[in-house]
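Here's the letter readout for the chains.
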Amino acid sequence: MTEPTPLLIRPAKQEEAEALTELAARTFYDAFAPTNTPENMQAYMSAAFTVEQLATELRDSLSTFLLAELNEQLVGYAKLVRSEVPECVPAVRAIELSRLYVDQHVLGAGIGPALLQACFDLARREAYPAMFLGVWEHNPRAQAFYRKWGFEKVGEHLFQLGDDPQTDWWMSRAL
């Protein structure tokens, strides 16, 4: 009997745009389809989760994607972006955790925490003193996860999902 492969967190490669697109679309859909209209989900996803769009994001020197692999299967990912810091974030210099998604079939297996820890490690290596993120106001599970890791709500911003303007919370924490 072969031993299961341990969880591996690694940077995404440019040639993985197609696999990343499939994972990103599936995990976003699983997270938000139950609480949004099919039309708004389709409108957003058809723009945000194409191979061309993800390939462009992978080439962006200000972005880093980390992939989580379990038994040689992609089961989650995170995206960090070196961007402008919203005024509500207390740190002048901070990195954005733009996305963190895990396949539903492995939720609770420690993949989200491992990805987040890898993001913290990368941010610290790059000498970022803080991290911020946006989380939907109607996503209490994600809010609780981030609070557990020391993030606090510091503001709000608009996230457009199709024709539905939604409120996301800005959350931030020192590193």
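Here, the structure is the one placed above.
Residues numbered from 1 in each chain as written. Predicted model: local features only at pLDDT ≥ 70, side-chain atom pairs only at ≥ 80, totals over all residues. Heavy atoms only, no water.

*Asks:* So what exactly am I meant to see when it comes to the overall build of the protein chain here?
*Replies:* Scanning the protein chain from N- to C-terminus turns up 5 helices and 7 strands. Helices and strands appear in the protein chain in the N-to-C order β-α-α-α-β-β-β-α-β-α-β-β. Taken against the 2.2 N^0.38 rule, which gives 16 Å for 175 residues, the C-alpha radius of gyration of the protein chain at 16 Å falls within 12% of a compact globule. Judged by the C-alpha coordinates and their principal axes, the protein chain covers about 50 × 40 × 30 Å. (Helix = DSSP H or I, 4+ residues; strand = E, 2+ residues; numbered from the N terminus. Rg over C-alpha atoms; globule rule 2.2 N^0.38 Å.)

*Asks:* Just checking my understanding: could you explain the packing of helix α1 (residues 17-32) against helix α3 (residues 51-59) for this structure?
*Replies:* The description of two packed helices rests on the angle between their axes and on the distance between the axes. Between α1 and α3, the least distance of the axes is 9 Å, while the angle of their chain directions is 110°. If you check the angle between α1 and α3, you find them roughly perpendicular. α1 and α3 meet at a crossing whose hand is right-handed. Residues Ala17, Glu18, Leu20 and Thr21 of α1 touch α3, and the partners they reach there are Val51, Leu54, Ala55 and Leu58. Among the residues making up the contact of α1 with α3, the classes are represented as 6 nonpolar, 1 polar and 1 charged. (Axes fitted to C-alpha atoms, helices over the stretch in contact; angles between N-to-C directions. Parallel < 35°, antiparallel > 145°, perpendicular 65-115°, else oblique. Left-handed = near helix turned anticlockwise from the far one by under 90°. Contact = heavy atoms within 4.5 Å. Nonpolar A, V, L, I, M, F, W, Y, C, P; charged D, E, K, R; others polar.)

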